[in-house]
Amino acid sequence: MNSPSKNRLAVLGGVRTPQAKAFGALREFSAVHLAQHAVGAVLKRTGVAPEDIEETVIGNVGSPPDAANIARVIALTSGVPQDRIAHTVNRNCASGMESIISAWQILREGRARLILAGGTESMSQIPFIARDSFKQKLMTLSRCKTMFQKLSVLSSLRLRDIKPIPGLELGLTDPTCGLSMAQTAEFLATEFGVTREAQDDYALESHKRAVAAGQRCFLSGEIAALSTNDKEMKLDAGPREKQSVEQLAKLRPICNPKGTVTAGNSCPLTDGATALLLASESSLDSFSCKPMGFVSGYAIAGCDPKRMGLGPVFATAKLLEQQHLQLADFDLIELNEAFAAQVLACQKAFASTTFAQEFLGRSGALGEIDPQKLNVHGGAIALGHPLGATGARMVLTLLRALQDKGLKRGIATLCVGGGQGVAIMVET
């Protein structure tokens, strides 16, 4: 989508929660609670009142049973008036970006002037699922009229009936190709010749950059501290200052003994939320706060589900064509680190003429990604990947990084389970 002059999407403000590994420091906070915290903080920092919000769009993947349209619940519990509509979007890992795209479309229609967008995920609280045999026996039990009938059903229960299925396990397995997300990363590692050593080295660099960003207080500029039962969290729990390549090398592969993808060179399951305030560039005179920057283009692409990790290459190719730009025209790039193998495979695909000719319909390669432009403050391997929130977090971090370095233009892009990619162009 090309953006005409004065029709860019303005990002008036953005705040996120600290992020923590699932079942860890944030395990007791629901996806609603995490988002409420981020929303309250962004309203406070920008001086915008809840009554000023005209519509809410939130990305979320593991939809909580008690908050089916979680965006509406978040809006109402954050003080947004009842007559302001809200809806939830789900594009798997790109749900946070999808909220931004949806908000831009709404603003272009003139349906609203100020939109609350973002994403939230409590992977700690994604439910366990009862097996069909257990559900059937429970239904039979509920229809029993005598004690003898009830005892008969109860006596038929077996341990295999009551063993629950983790919802996360199902959600992280692609139903069309039958591969888990880690297996798709292994597929790319084999296809592109990405070694275990290269993956571990990349993971270590992600931690180093995230730790450095935390130490110089860059990340605290976008995080609203959150009090837990144990302490006040001011930064993400994931980055490890003492991480070493020797420690990473000791970890066992996830998929098979001869594999290369490990927990150390993959992003962790994560809890967290991000909130953004969005408006059209043409309406900025209506607001007192100065925008952080602008979204000026986006592209969404599909690809082979078992190669889902290459989604950023396909989406970025479309974006570059739409914007009549080259990869070298961008000052910084955020490419979500679902797996080190996936990022490294993307880098090789970006630089490959053969890949461009065979899969992108281009005569030449998209170009090489300068490592000094890529994920300069670390990525999801260190910071974490709360599925519904990551896309919005990446756009927030990228805009702040461009401002911090006095730069102009960046791309935030990620792969999507199921075989898709999304790329968003931002400018300061």
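Residues numbered from 1 in each chain as written. Predicted model: local features only at pLDDT ≥ 70, side-chain atom pairs only at ≥ 80, totals over all residues. Heavy atoms only, no water.

**Examining the side chain of E281**
Working step 1: Its location among the elements puts E281 in the loop between β10 (270-280) and β11 (293-302).
Working step 2: Under the relative-accessibility criterion, E281 is labelled buried at 9%.
Working step 3: Here the side chain of E281 touches R8 through a polar contact of 2.8 Å, side chain to side chain. (Helix = DSSP H or I, 4+ residues; strand = E, 2+ residues; numbered from the N terminus. Buried < 20%, exposed > 50% of the residue type's maximum accessible area, 1.4 Å probe, protein only. Polar contact = N/O pair within 3.5 Å; in protein donor to acceptor, adjacent residues only side chain to side chain.)

**Description of the pairing of β10**
A regular strand places its side chains so that they alternate between the two faces of the sheet.
Working step 1: In terms of burial, β10 is a largely internal element, eleven of the eleven residues being buried.
Working step 2: Because side chains alternate across β10, one face comprises the buried residues T270, G272, T274, L276, L278 and S280, and the other comprises D271, A273, A275, L277 and A279, equally buried.
Working step 3: Across seven bridges, strand β1 (residues 9-16) lies against β10 in antiparallel orientation. Opposite V11, over in β10, you have L278 as the bridge partner.
Working step 4: For strand β2 (residues 20-21) and β10, the ladder comprises two bridges, and the chain directions are antiparallel. Looking across to β10, one finds that K21 is bridged to T270. (Pairing = 2+ DSSP bridges.)

**A closer look at the pairing of strand β4 (residues 85-89)**
Working step 1: In this structure, strand β3 (residues 55-59) lies alongside β4, joined through five bridges in parallel fashion. The residue bridging G59 from the neighbouring strand is V89, located in β4.
Working step 2: Considered for its hand, the β-α-β crossover made up of β3, helix α2 (residues 70-77) and β4 is right-handed. (Right-handed = clockwise from strand over helix to strand, strands pointing away.)

**Structural notes on the packing of helix α3 (residues 95-109) against helix α15 (residues 390-405)**
Working step 1: At a minimum axis distance of 4 Å, the contact between α3 and α15 shows a crossing angle of 70°. Here α3 is positioned roughly perpendicular relative to α15, judged by the angle of their axes. Residues G96, M97 and I100 of α3 form the contact with α15, whose own contacting residues are G391, A392, M394 and V395.
Working step 2: Grouping the amino acids of the contact of α3 with α15 by side-chain chemistry returns five nonpolar, two polar and no charged. (Axes fitted to C-alpha atoms, helices over the stretch in contact; angles between N-to-C directions. Parallel < 35°, antiparallel > 145°, perpendicular 65-115°, else oblique. Contact = heavy atoms within 4.5 Å. Nonpolar A, V, L, I, M, F, W, Y, C, P; charged D, E, K, R; others polar.)

**Observations regarding the pattern of salt bridges**
As a working rule, side chains carrying opposite charge can pair if their charged atoms are close by.
Working step 1: In the structure shown here, the tally under the stated rule is 18 salt bridges.
Working step 2: The shortest N-O distance in the salt bridge between K135 and D132 comes to 3.3 Å. Pair noted here: K135 and D132 are both in helix α4 (residues 132-143), with a separation of three residues, about one helical turn.
Working step 3: Taking relative accessible area as the criterion, D132 reaches 61% and is therefore assigned exposed.
Working step 4: Two residues, E205 and R209, come together in a salt bridge whose shortest N-O distance is 2.9 Å. Pair noted here: E205 and R209 are both in helix α9 (residues 196-215), with a separation of four residues, about one helical turn.
Working step 5: The exposure class of E205 is partly exposed, given its relative accessible area of 33%.
Working step 6: What makes R209 buried here is its relative accessible area of 15%. (Salt bridge = Lys/Arg side-chain N within 4 Å of Asp/Glu carboxyl O.)

**Side note on the packing of aromatic side chains**
Working step 1: Applying the stated rule across the entire model yields four aromatic pairs.
Working step 2: With centroids separated by 6.3 Å and ring planes inclined at 50°, the aromatic side chains of F192 and F355 adopt a geometry described as tilted. Here F355 lies in helix α13 (residues 353-360) and F192 lies in helix α8 (residues 181-192), a separation of 163 residues in the sequence.
Working step 3: The exposure class of F192 is buried, given its relative accessible area of 16%.
Working step 4: The class for F355 is buried, based on a relative accessible area of 7%.
Working step 5: Among the aromatic residues, ring-to-ring pairing joins F192, F314, F355 and F359 into one connected group.
Working step 6: Cation over ring: R8 sits above F294, and NZ or CZ is 3.9 Å from the ring centre.
Working step 7: Seen from the ring of W104, R108 lies directly overhead, with NZ or CZ sitting 4.3 Å from the centre. (Phe/Tyr/Trp six-rings, centres within 6.5 Å; stacked < 30°, edge-to-face > 60°. Lys NZ or Arg CZ within 6 Å of the ring centre and 35° of its normal.)

**What about the side chain of T260?**
Working step 1: By the element assignment, T260 lies in the loop between α10 (245-249) and β10.
Working step 2: Leave out the neighbours within four places in its chain, and T260 touches E186, A189, V194, R196, Q199, P253 and N265.

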